[in-house]
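The chain contents come next:
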Amino acid sequence: MEPKTIVKTLREMAALMTLAGENQFKIKDFENAARTVQWHINELEMLVEQGRLESLKGIGRGLAEVIRELMTQGKATAHEKLKQQIPPGLLDILRLPGMGAKRVQALWHD
């Protein structure tokens, strides 16, 4: 998977976690990881190959595993599980302008 797509996927995972009502700290970790990967986009492949993802600020063992899976397999188990928890149409609503994860979550639950 391309590094730019990994950034998009990490952001989508954070949004899906918001919809699922996950822990806010975990959501922030994924948002921060997306930014960190964006900053290191040119060297991401090398870091994965060398097993040095955890040397990046804010990337722990769990996030490194997700990024590694995305890079090597094109998908991550955690991402697939999150998508199964959320009704399919909600992802489409998230893509509409002005519709963030919190607003979509409120619509879904109300």
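Residues numbered from 1 in each chain as written. Predicted model: local features only at pLDDT ≥ 70, side-chain atom pairs only at ≥ 80, totals over all residues. Heavy atoms only, no water.

### Here we look at the nonpolar core
Where a protein is soluble and globular, its nonpolar side chains tend to be buried together.
(1) Moving on: I6, L10, F30, L53, I59 and I67 are the most contacted members of the largest nonpolar core, which totals 36 residues.
(2) Moving on: The element contributing the most residues to this core is helix α1 (residues 3–20), with nine residues.
(3) Moving on: For I59, the contacting residues outside a window of four places in its chain are A33, T36, L53, E54, A64 and I67. (Core = buried A, V, L, I, M, F, W, Y, C linked by side-chain atoms within 4.5 Å. Buried < 20%, exposed > 50% of the residue type's maximum accessible area, 1.4 Å probe, protein only. Helix = DSSP H or I, 4+ residues; strand = E, 2+ residues; numbered from the N terminus. Contact = heavy atoms within 4.5 Å.)

### Considering the environment of W39
(1) Moving on: The residue W39 is located in helix α2 (residues 24–39) in this model.
(2) Moving on: Spatially, the C-alpha atoms of W39 and S55 are 14 Å apart, while their sequence positions differ by 16 residues.

### Comments concerning α2
(1) Moving on: Taking 1.5 Å as the rise per residue, α2 with 16 residues should run 22 Å; its terminal C-alpha atoms sit 23 Å apart, in good agreement.
(2) Moving on: Those residues of α2 that sit buried are I27, F30, A33, A34, T36 and V37.
(3) Moving on: Turning to α2, the residues buried within the fold contact α1, α3 (44–50) and α4 (61–73).
(4) Moving on: For α2, the N-terminal capping position is held by N23, with its side-chain oxygen 2.6 Å away from the main-chain nitrogen of F25. (Expected span 1.5 Å × (residues − 1). Polar contact = N/O pair within 3.5 Å; in protein donor to acceptor, adjacent residues only side chain to side chain.)

### Here's the deal with the packing of α2 against α4
(1) Moving on: As a packed pair, α2 and α4 sit with axes 11 Å apart at the nearest point and diverge in direction by 55 degrees. Our classification of the angle between α2 and α4 gives oblique. You can see that α2 and α4 cross each other, and the crossing is right-handed. Contacts between α2 and α4 involve D29, F30, A33 and V37 on the former and, on the latter, L63, V66 and I67.
(2) Moving on: Residues belonging to the contact of α2 with α4 are distributed by class as follows: six nonpolar, no polar and one charged. (Axes fitted to C-alpha atoms, helices over the stretch in contact; angles between N-to-C directions. Parallel < 35°, antiparallel > 145°, perpendicular 65-115°, else oblique. Left-handed = near helix turned anticlockwise from the far one by under 90°. Nonpolar A, V, L, I, M, F, W, Y, C, P; charged D, E, K, R; others polar.)

### Here we look at the layout of surface pockets
(1) Moving on: Space inside the largest pocket adds up to approximately 220 Å³.
(2) Moving on: For the largest pocket, the full set of lining residues is T5, K8, T9, R11, E12, H79, L91, L94 and R95.
(3) Moving on: Mapped by element, the contributors of at least two residues to the lining of the largest pocket are α1 and α6 (88–94).
(4) Moving on: By residue number, the principal contributor to the lining of the largest pocket is α1, which donates five residues.
(5) Moving on: The residue inventory of the lining of the largest pocket, partitioned by class, reads two nonpolar, three polar and four charged. (1 Å grid on protein atoms, 1.4 Å probe; cavity = no way out; pocket = protein on both sides within 12 Å on 5 of 7 lines; lining within 4 Å. Points joined across faces, edges and corners; volume = space filled by probe spheres on them.)

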